[in-house]
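# Examining the three-dimensional arrangement
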Amino acid sequence: MNHPAPVSDLYGASLPQRAATLARIDRFLASQLPPTPCVVIDLETVRQHCLALRALLPGTRIYYAVKANPAPPVLAALARMDIGFDVASIGEIGRCLGLGINAQRCCFGNTIKRERDIAQAHAAGIALFAFDSPAELEKLARAAPGARVFCRLSVHAAGAEWPLSRKFGCSAAMAVELLTHAGSLGLRPTGVSFHVGSQQTDPLRWDAAIGTACSVFNACHRAGVTLDLLDLGGGLPAQYRTPLPALAEYAATIMTSVTRHFGSSAPQLMIEPGRYMTADAGLLRAQVLLIARHGGHDARRWIYLDAGRYNGLAETQHEAIHYPLRTRHDVAPAEPAVLAGPTCDSTDIIYDRANYAMPLDLAIGDTVDFLSAGAYTASYASVEFNGFPPLATHCVDTAATTA
Ligand SMILES: Cc1ncc(COP(=O)(O)O)c(C=O)c1O
């Protein structure tokens, strides 16, 4: 049985950085007592993750995937780190530009775009666009003439806890066909991207994808088109309940693979981390609204929280993402429980089969903290399902307060 680990184990001496993250967030929670549910983001951790990635993937251009957490203080903190931004919509573009981020630093990475939005992005100065189909390429040719375009490949996402396969990407053969055609449409074919699935637990997934990307580079070269950009996508994981290889192992696998496949003619690398940048920097605080047993064959307690599938915990769909939990009773005896959200929807169940045990003395009114919840929580929350407001985000910046 997987009992919730006491926070001293999760963020103990072996993980001093995470203990520091939580200490900063806890100081904010204790002093501000924000209403629940809410997400609290520690900007210092976001910066540290960005620096760690930059150090481990030298020369690689980082484009933060805004969708993971578009809170303006997060974007502003990352803008000061001099990185780029992977944007999915006009809304995200507007938010970046509104913060003074130059459009040249943005990449329109969504392969499904309204033609009018492409034109608006192009007019605003965005020069780099993704596509994965003939029709999208034609839209780009009409609405963003002269733009640099890259083709997203479909790659295997086995090992990803939040897979992004099937819906996106085309075959390597189609990518070659489209990239070699792009020039005649007045576009600048520039490279290839892929996404190995979000929260990818297997670093070797990048190796296979880089191999496929290299075959596209070679085939395009033979057809007279030279590509120079390889976008490694997202997929770098957060530290949820199951321990995973360290970031250094992912980075080493990627760099070794690029050298093995491309040799001395390695392209410019770019990466679009979302989850890795913000998940571990955040905590979602919820409160217990009700504890009940329903009788019958299932003797477990049902613990109903003020946060659920529709107001922050969307990625617990199919119980995919397993957040570490923390309560103030974590050293007390625990027993298996079902965790559910507050809405009148029976799909609003957070964990039923994922083997979460909750302290026996947990009571109505207690808080339950979902750790590593800084990505895909607030940005995924509904705006008023059942009348519940969007999930609030608070950002803590100790550098700003000590400056
Ligand atoms: C195009 C693109 N890039 C990057 C990301 C970020 O992925 P992750 O959060 O796994 O890093 C996503 C996630 O959906 C995406 O669609």
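First, a word on what this report is: a plain description of the structure on this page.

About the criteria used
- Residues numbered from 1 in each chain as written.
- Predicted model: local features only at pLDDT ≥ 70, side-chain atom pairs only at ≥ 80, totals over all residues.
- Heavy atoms only, no water.
- Helix = DSSP H or I, 4+ residues; strand = E, 2+ residues; numbered from the N terminus.
- Rg over C-alpha atoms; globule rule 2.2 N^0.38 Å.
- Buried < 20%, exposed > 50% of the residue type's maximum accessible area, 1.4 Å probe, protein only.
- Areas by Shrake-Rupley, 256 points an atom, 1.4 Å probe, with all protein chains shown as cover.
- Lys, Arg positive; Asp, Glu negative; His and termini not counted.
- Charge placed at Lys NZ, Arg CZ, Asp CG, Glu CD.
- Axes fitted to C-alpha atoms, helices over the stretch in contact; angles between N-to-C directions.
- Parallel < 35°, antiparallel > 145°, perpendicular 65-115°, else oblique.
- Left-handed = near helix turned anticlockwise from the far one by under 90°.
- Contact = heavy atoms within 4.5 Å.
- Nonpolar A, V, L, I, M, F, W, Y, C, P; charged D, E, K, R; others polar.
- Near = heavy atom within 4 Å.
- Polar contact = N/O pair within 3.5 Å; in protein donor to acceptor, adjacent residues only side chain to side chain.
- Salt bridge = Lys/Arg side-chain N within 4 Å of Asp/Glu carboxyl O.
- Expected span 1.5 Å × (residues − 1).
- Arc of directions from axis to C-beta.
- Core = buried A, V, L, I, M, F, W, Y, C linked by side-chain atoms within 4.5 Å.

## Quick word on the overall build of the protein chain
Broken down by element type, the protein chain carries 12 helices and 19 strands. Here the C-alpha radius of gyration of the protein chain, 22 Å, is about what a compact globule of 403 residues would show, namely 22 Å. Each principal axis of the C-alpha distribution contributes one length, and for the protein chain these read about 70 × 45 × 40 Å. The 403 residues of the protein chain split such that 54% are buried. Split by element, the accessible area of the protein chain, about 16,500 Å² in all, is 56% carbon and sulfur. Averaging the positions of the 33 positive and the 35 negative side-chain charges in the protein chain gives two centres separated by 4 Å.

## Describing the packing of helix H9 (residues 204-222) against helix H10 (residues 247-262)
Packed helix pairs are characterised by how far apart their axes lie and by the angle those axes make with each other. Packing of H9 against H10 brings their axes to within 9 Å, and their N-to-C directions diverge by 25 degrees. The orientation of H9 with respect to H10, classified from their angle, is roughly parallel. The crossing of H9 and H10 is right-handed. Of the residues in H10, those in contact with Leu204, Trp206, Asp207, Ile210, Gly211, Ala213, Cys214 and Phe217 of H9 are Tyr250, Thr253, Ile254, Ser257, Val258, Arg260, His261 and Phe262. For the contact of H9 with H10, the class distribution of residues is 10 nonpolar, four polar and two charged.

## Considerations on the site of the ligand
His195, Ser198, Glu272, Gly274 and Tyr376 are the nearest of the 15 residues found near the ligand. Within the contact set of the ligand, an oxygen atom lies 2.9 Å away from a backbone nitrogen or oxygen of Gly274. In the model, an oxygen atom of the ligand is placed 2.9 Å from a nitrogen or oxygen of the Arg275 main chain. The protein chains hide 92% of the 400 Å² of surface that the ligand would expose on its own.

## Considering the pattern of salt bridges
The final tally for this structure, using the stated rule, is 20 salt bridges. The residue Arg300 makes a salt bridge to Asp298 at a minimum N-O spacing of 2.9 Å.

## A look at H10
Across its 16 residues, H10 extends 22 Å between first and last C-alpha, which sits within 8% of the 22 Å expected from 1.5 Å per residue. Turning to H10, its buried residues number three or more, namely Leu247, Tyr250, Ala251, Thr253, Ile254, Ser257, Val258 and Phe262. One side of H10 holds all its buried residues, which, seen down the axis, span an arc of 160 degrees. Exposed residues on H10 whose side chains face more than 90 degrees from its buried face are Thr259 and Arg260. Packing partners of the buried residues in H10 comprise helix H3 (43-56), strand S9 (198-200), H9, strand S10 (229-231), strand S11 (268-271) and helix H11 (275-278). In the segment just after H10, Gly263 is the residue with positive phi, at about 60 degrees.

## Some words on the nonpolar core
In summary, soluble globular proteins display a tendency toward joint burial of nonpolar side chains. Core analysis: the biggest nonpolar cluster contains 108 residues, and Tyr64, Leu78, Phe85, Phe129, Leu230 and Phe370 have the highest contact counts within it. Here this core gets nine residues from one element, more than from any other, and that element is H9. Here Leu230 is in contact with Val192, Phe194, Ile210, Ala213, Phe217, Phe262, Pro267, Gln268, Leu269 and Met270, once residues within four sequence places are set aside. Formed by nine residues, the second largest nonpolar core is a distinct cluster that contains Ile25, Leu29, Leu283 and Val396.

Any link to function would need more than the numbers given here.
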